[in-house]
Amino acid sequence: MVDLATAPYGVLLLRIALGVMFLAHMCIKLFVFKPSGTARYFASLGVPGWMGPLTIVVEAVGGVCLILGILPRYAAIALLPTIIGTIVLVHGPNGWTFTNTGGGWEYPAFWAVALVALALLGDGSAALVPSALLF
């Protein structure tokens, strides 16, 4: 049974947590590795280098959309390719647990499931631009 009185606040917490995580990962790419370093890293993975800076933008915009509640269901779906890419290109070959050398894929997989759950649950409370406005 879903507690309809508190469920929107649970979704809000999930939305904010996911948004903060994306902003944190974006900040590492932007301020630590810099866009040029991120581009070189993506190129070393066999991905076009321009996708590194694009990922920075997607994580920044998506994270802010989740935190503020700007079309959060769609933001969650739009962020899924970044996480799936992380699993396939970076962490997948390292095994399951994130404590493995290079980090395994358990953490990004959980992150992907949380994004899907958010998309299925809805916007939660305090959404500035609810997803329902599109349809």
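The residue numbers shown here count from 1 along each chain, following its written sequence. pLDDT decides what is reported in this predicted model: residues at 70 or higher carry local features, side-chain atom pairs at 80 or more are listed and counted, and totals for whole chains, interfaces and linings draw on all residues regardless. In computing side-chain values, all of the structure's heavy atoms are included and hydrogens and water are not.

Peer 1: Explanation requested: the nonpolar core in the structure shown.
Peer 2: Nonpolar side chains tend toward joint burial in soluble globular proteins. Definition of nonpolar core: a set of buried residues of the types Ala, Val, Leu, Ile, Met, Phe, Trp, Tyr and Cys, connected through side-chain atoms within 4.5 Å. Partly exposed residues are those whose accessible area sits between 20% and 50% of the maximum for their type, while under 20% is buried and over 50% is exposed, using a 1.4 Å probe and protein chains only. Core analysis: the biggest nonpolar cluster contains 18 residues, and L18, F22, L66, I83 and L115 have the highest contact counts within it. To qualify as a helix, a DSSP run of H or I must reach at least 4 residues; to qualify as a strand, a run of E must reach at least 2; elements of each kind are numbered from the N terminus. Sorting elements by how many residues they give to this core places helix α5 (residues 106–121) first, with 7 residues.

Peer 1: Sorry if this is basic, but what is going on with the packing of aromatic side chains here?
Peer 2: In this scheme Phe, Tyr and Trp rings, the latter by its six-membered ring, pair at centre separations within 6.5 Å, and the angle between planes marks the pair as stacked below 30 degrees, edge-to-face above 60, and tilted otherwise. Tallied over the entire structure, the rule returns 5 aromatic pairs. Arranged with centres 5.2 Å apart and planes meeting at 55 degrees, the rings of F98 and Y107 form a pair that is tilted. On the basis of an interplanar angle of 45 degrees and a centroid distance of 5.6 Å, the ring pair of Y107 and W111 is categorised as tilted. Within this pair, Y107 and its partner W111 are both found in helix α5, separated by 4 residues, close to a single helical turn. Here Y107 falls in the partly exposed class, since its relative accessible area comes to 30%. Each residue in the set F22, F98, Y107 and W111 is aromatic and connected to the rest through ring pairs, giving one cluster.

Peer 1: Please clarify how the pattern of salt bridges should be interpreted in this entry.
Peer 2: Close approach of charged atoms lets side chains of opposite charge pair. The salt bridge definition used is simple: a Lys or Arg side-chain nitrogen within 4 Å of an Asp or Glu carboxyl oxygen. For the coordinates displayed, the defined rule picks out 1 salt bridge. K29 is the salt-bridge partner of E59, the closest N and O atoms lying 3.1 Å from each other. Of this pair, E59 sits in helix α3 (residues 51–68) while K29 sits in helix α1 (residues 7–32), and the two are 30 residues apart along the sequence. K29 shares its class with E59; the two are buried.

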